[in-house]
Amino acid sequence: MKRIEIIIKVMSIAFFIVLWHFLVVLKVIPLAIPSPVDVAKVYTSTFFVEHILGAILSSLEHVVVGFGLALMVAVPLGMFMGWFKPIEFTISPIVELFRPIPPIAWVAFALITFRNYLHVSAFIIFVGAFFPILTNTVHGFRTVSIEYIEVARSFGASKKDLLTKIALPHALPDILTGVKVGLGVGWMCVIAAEMFGAPGLGWIIIQMEYIHNLEAVMAFMFVVGALGFCMEQGLKFLEAKVLRWQRGLVRG
Amino acid sequence: MVNLDKILVKELLKSFGNLKVLDNVTFSVKEGEFLCIVGPTGCGKTTLLKILANLIEADSGEVLINGSPPNPKLHKIGYVPQSISLMPWRNVYSNIKLGLELRGVKEAEIFRRVMEVINLVGLAGFENYFPHQLSLGMKARVAIARALVIDPDVMLMDEPLANLDWHSRSIMQSELLRLHEKAGKTTVYVTHNVEEALLLADRIVVLTSRPARVKTEIEVHFKKPRNRFEGDFVLLRKRIENLVKEEE
């Protein structure tokens, strides 16, 4: 990123905070919203300092387990569905049956089914991440050009070669898109799931709501946002490495 | 050995459903010969070439390469598809090495042969470029290099220059002549451009409109490189163009 871009981005955020501050202090908006100064004070409180690390680690644990499982199931399944037509015919009705159910709707199911809060949250993020990864992976494998396959076959490529050397690299951009969307949806879901009792950032946010501490609610919300941002940046970095060949092909 | 047929195509029949595409196609290609197949658009030229490349099966009839049916274990086929079809995630070097990689050739040997062919086709310095960074003419060179690098028994080319503008096309035509002279590969080259066929071919097979049959075969005796504006060349071109036109 160019230096000027970074400066503009930082200034943009600074401008927003100043605007927010004056809107609250001058009572332009008729709501009891805390000012950025109030929110910043939360970050120095002993409550925050004592609880933040544990909450983050707990939420990240849910993500690692749930998202990891989604990745391990959705990518291979998507590969087989996208590559072998009969498998797609067989599996896709089941997928279409469950896909329209919003992940949050699974919370009640999970709370009754699992006794462990880690399992509840991990399950919800699994549901949230699974379908975007699956559908994008299927798409990636289904859209492999016959021309590439023919070139490889003319060289005597085996079925395994076609899958690993042609279809997989072709599908990789789609898989990564699915991973990005899946992680975003999953992160939303995990915070929501934690509001029902699993320890983590979502749980703390809802506790702060019970005691009407809006400053703290917002302070933890920004932590959730910052972590989501970091994960997305991490994936973008990974994507730029893996899809180096796309440089100059897409606007980026 | 001089008259041994490198490729023999005998009484090929092929239909897609009710659509009859090839009807009793028979011809042969001699060792080292550059054979052009011309015919009206949509007559089944590409289908014919894909059968030779063992990509689709004929309903009946026979294809023999070096006396046996096409088989990736026995024969090395240098196939250049109509759409060029370079893999966008592979750079020039990796695109060219595909055939060697699939045959399990060792990396050091791959490097030696790919670099040799890169120099041969005039792509030196472009090894690390990705396809989208290349001109159409360059892409055609990569596709030809990808076929040549496996040291093929036969080259099968499906209008590889179809999308090029006139200028790059005439450059690539001379390049194809140079490469054929140097590598001496038996070549079957499909085109609907009669002038191009006459510039390149030792012999031209003219196909009828669909279903394709061999309408006629014409030996081209002009010395290469040929002058496309020379009188006899133009006369023969007009004659063949009329043969094709009768079919359209």
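Further up the page is the structure itself.
Attention in this report is confined to the structure presented alongside it.

1. Some words on the overall build of chain A
What chain A contains, in helices and strands, is 10 helices and zero strands. N-terminal to C-terminal, the α/β element order of chain A is α-α-α-α-α-α-α-α-α-α. Buried residues in chain A amount to 42% of all 252 residues. Sequence-distant contacts, at least 24 apart, represent 71% of the contacts inside chain A between residues at least 6 apart. Carbon and sulfur atoms form 72% of the exposed surface of chain A, whose accessible area is close to 14500 Å².

2. Some remarks on the packing of helix α7 (residues 146-154) of chain A against helix α8 (residues 159-194) of chain A
The geometry of a pair of packed helices is captured by two quantities: the angle between their axes and the separation between those axes. Residues and elements named next belong to chain A. Running from amino to carboxyl end, α7 crosses α8 at an angle of 155 degrees, the nearest separation of the two axes being 10 Å. Taken together, α7 and α8 sit at an angle that is classed as roughly antiparallel. Crossing of α7 against α8: the hand is right-handed. Every residue of α8 that contacts α7 at Y148, I149, A152 and R153 is listed here: L162, I166 and H170. Class assignment for the residues of the contact of α7 with α8 results in five nonpolar, one polar and one charged.

3. Regarding the interface of chain A and chain B
Taken residue by residue, the interface counts 20 residues in chain A and 23 residues in chain B. Of all residues in chain A, A:Y148, A:F155 and A:W245 bury the most surface against chain B, accounting for 35% of the area lost on that side. Our count for the chain A to chain B interface comes out at two salt bridges. Put simply, B:K50 and A:E150 hold a salt bridge, and the shortest N to O gap is 3.0 Å. For the interface between chain A and chain B, the tally reads five residue pairs in polar contact (both at pLDDT 80 or more). When residues in the side of chain A that touches chain B are grouped by element, the largest group, seven residues, is from α7(A). Here the residues of the side of chain A that touches chain B sort into nine nonpolar, four polar and seven charged.

4. Here we look at unusual backbone geometry
Trans is the prevailing form of peptide bonds, just as negative phi is the prevailing case for residues other than glycine. All names here are of chain B. Each neighbour pair has its own omega, and for R210 with P211 the value is -5 degrees, a cis peptide bond. Positionally, P211 belongs in the loop between β8 (203-207) and β9 (214-219). With omega at -5 degrees, the peptide bond leading from K224 into P225 counts as cis. Considering the arrangement of structural elements, one finds P225 in the loop between β9 and α7 (231-246). Notably, D151 is not glycine yet its phi reads approximately 55 degrees, a positive angle. Inspection of the secondary structure puts D151 in the loop between α4 (136-148) and β6 (154-158).

5. Comments concerning the pattern of salt bridges
Enumeration according to the criterion identifies 30 salt bridges over all chains in this entry. The salt bridge involving B:K185 is made with B:D151; its shortest N-O contact spans 2.5 Å. With B:K185 in the loop between α5 (166-183) and β7 (186-191) and B:D151 in the loop between α4 and β6, this residue pair connects regions lying 34 residues apart in the sequence. As a salt-bridge pair, B:K215 and B:E247 come within 2.7 Å of each other at their nearest N and O atoms. Remark: B:E247 occurs in the segment after α7 and B:K215 occurs in strand β9; sequence separation between them is 32 residues. Given the relative accessible area of 28%, B:K215 is considered partly exposed. Overall, B:E247 belongs to the buried group, its relative accessible area being 19%. Connected via shared salt-bridge partners are A:K165, B:R90, B:K97, B:E101 and B:E107.

About the thresholds
- Residue numbers here run from 1 along each chain, matching the order of that chain's written sequence.
- Here every chain gets a letter starting at A, and every ligand a number starting at 1, in the order they are written.
- Local features in this predicted model are restricted to residues whose pLDDT is 70 or higher, and side-chain atom pairs enter the listing and the counts only when it is 80 or higher, whereas totals over whole chains, interfaces and linings include all residues.
- In computing side-chain properties, one takes all heavy atoms of the structure into account and sets aside hydrogens as well as water.
- Segments assigned H or I by DSSP are reported as helices when at least four residues long, segments assigned E as strands when at least two residues long, and all are numbered from the N terminus.
- Using a 1.4 Å probe on the protein chains alone, a residue whose accessible area is under 20% of its type maximum counts as buried, one over 50% counts as exposed, and one in between counts as partly exposed.
- Residue contacts are counted whenever heavy atoms from the two residues lie within 4.5 Å of one another.
- The accessible surface values rely on the Shrake-Rupley method and a 1.4 Å probe; as for residues, cover is taken only from the protein chains in view.
- To obtain each axis, a line is fitted to C-alpha atoms, and for helices this fit is confined to the stretch in contact; angles are then taken between N-to-C directions over 0 to 180 degrees.
- Angular relationships are summarised with four words: roughly parallel below 35 degrees, roughly antiparallel beyond 145, roughly perpendicular across 65 to 115, and oblique for the angles in between.
- Crossing handedness: left-handed means the near helix sits turned counterclockwise from the far one by under a right angle, and right-handed means the same turn made clockwise.
- Residues are grouped as follows: Ala, Val, Leu, Ile, Met, Phe, Trp, Tyr, Cys and Pro are nonpolar; Asp, Glu, Lys and Arg are charged; all remaining types, including Gly, are polar.
- We define buried area as the total accessible area lost by two parts upon association, computed with a 1.4 Å probe and summed across both.
- Criterion for a salt bridge: a side-chain nitrogen of Lys or Arg within 4 Å of a carboxyl oxygen of Asp or Glu.
- Polar contacts here mean pairs of N or O atoms no more than 3.5 Å apart (in protein, one a potential hydrogen donor and the other a potential acceptor; neighbouring residues in sequence count only if both atoms are side-chain atoms).

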